[in-house]
Amino acid sequence: MLVSPGSRAWYSGMMPGLIAGRFNAADCAIDLQPLCEATGLQLIESSVAAVSAAARQVILTSGQRLAYQVLSVNTGSQPPAPLSDGSIDMVPAKPFPVFHARWQAWQQNPPCRLVVLGGGAAAFELSLALKKSLSGTEVLLICAVDLLSGYARGLQKRAQSLLQQRGIGLQQNIRVSSLASGFICDGERRVCEADALVLATGAAPLPWYGDSGLSLNRQGFLRVTNALHSIDDPSVYVSGDACSLAGNQRSGVFAVRHGPILAHNLPAALSGASLVDYVPQKQALALLATADGGALMGYGRFSAGSALARPLLGRWKDSLDLDFMRRHRLPA
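Below or above, wherever it landed, is the structure these notes cover.

Reading guide: rules and limits
Residues numbered from 1 in each chain as written. Predicted model: local features only at pLDDT ≥ 70, side-chain atom pairs only at ≥ 80, totals over all residues. Heavy atoms only, no water. Helix = DSSP H or I, 4+ residues; strand = E, 2+ residues; numbered from the N terminus. Rg over C-alpha atoms; globule rule 2.2 N^0.38 Å. Contact = heavy atoms within 4.5 Å. Areas by Shrake-Rupley, 256 points an atom, 1.4 Å probe, with all protein chains shown as cover. Lys, Arg positive; Asp, Glu negative; His and termini not counted. Charge placed at Lys NZ, Arg CZ, Asp CG, Glu CD. Pairing = 2+ DSSP bridges. Axes fitted to C-alpha atoms, helices over the stretch in contact; angles between N-to-C directions.

Within the chain one finds 8 helices and 24 strands. Computed over the C-alpha atoms, the radius of gyration of the chain is 21 Å, within 12% of the 20 Å expected from 2.2 N^0.38 for a compact globule of 332 residues. With the principal axes as the frame, the chain shows a C-alpha extent of 60 × 45 × 40 Å. Here the analysis covers contacts within the chain between residues at least 6 apart in sequence; of these, 59% occur between residues at least 24 apart. Looking at the chain as shown, the accessible area adds up to about 16,400 Å², and 51% of this sits on carbon and sulfur atoms. Placing the 28 positive and 22 negative side-chain charges of the chain at their respective mean positions leaves the two points 8 Å apart.

Quick look at the structure:
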């Protein structure tokens, strides 16, 4: 059985391109039903309310209970959110269908000032995309630390320069704690007024992880072995943002490499065959979309993204993204 909140799986790597008007919704989503039919899976459209490792059951929001012999969890994470009194229209960048619907509403009734909260690649890309699609809206990016902290210093400088060129405000090292009376606040200090806010603040665990009976790290994510199964329950496999493993980052570049490991280990768990280990890569390529068909690149300490290079890097990113989608669709 495949449990999914909807009939389509959205590819977050193309989400900024969709918001910027470069792709349509069909380009960015994979229809699950044809894949399920081709592979003999039953698709259940629902979300997970709870998991009981002791009872080996998944409890759905519909109330249905599913017993399992082997469970594979790839339910991701959610952006951490500040306290809010409801005075600012706040929407998380994921799950994507919710954000997409809100963005469509903004196109009909644009906010005057829109704040993107977050300092990573997604926040940077979304700021550029939202500015392009809502040209009359003032866009401000607020980061808790330096923008693109952990990336090459050259990439950070290129990103800051591009935001300035596009007329997007940037405030760094501000820890937003609450939204009150139309203001974004850092403790008792009012940072700015806003009409709308997009949460692109990284990863927080889903609530049910803590009640599952499975081991968690300090942040509340599910701890796994190198074979990607729970450290205290070999019948439960965890991948993507949901898992905690030394050297693994909460990034799609890392998560997609869990797939081949699961493709081997899930059948092996049922047959009693030997398992293989996942080894996180030491460095990962970053291609950040710039909303105009271009991209910035970072790899280790190296970065690229001059005005001449951006279109070439953008075509490279598009090629990688579109090929990824083709490989997950059945031929016509």
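All right, on to the sheet that holds strand β22 (residues 286-289) then. Reading across from one edge, β22-β23-β24 is the order of the 3 strands in this open sheet, with antiparallel pairing throughout. On the outer flanks of this sheet lie β22 and β24 (302-304), each paired with one strand and no other. Recorded for the sheet is a direction-independent mean angle of 15° between the axes of neighbouring strands. The sheet contact formed by β22 and strand β23 (residues 295-299) spans 4 bridges and is antiparallel.

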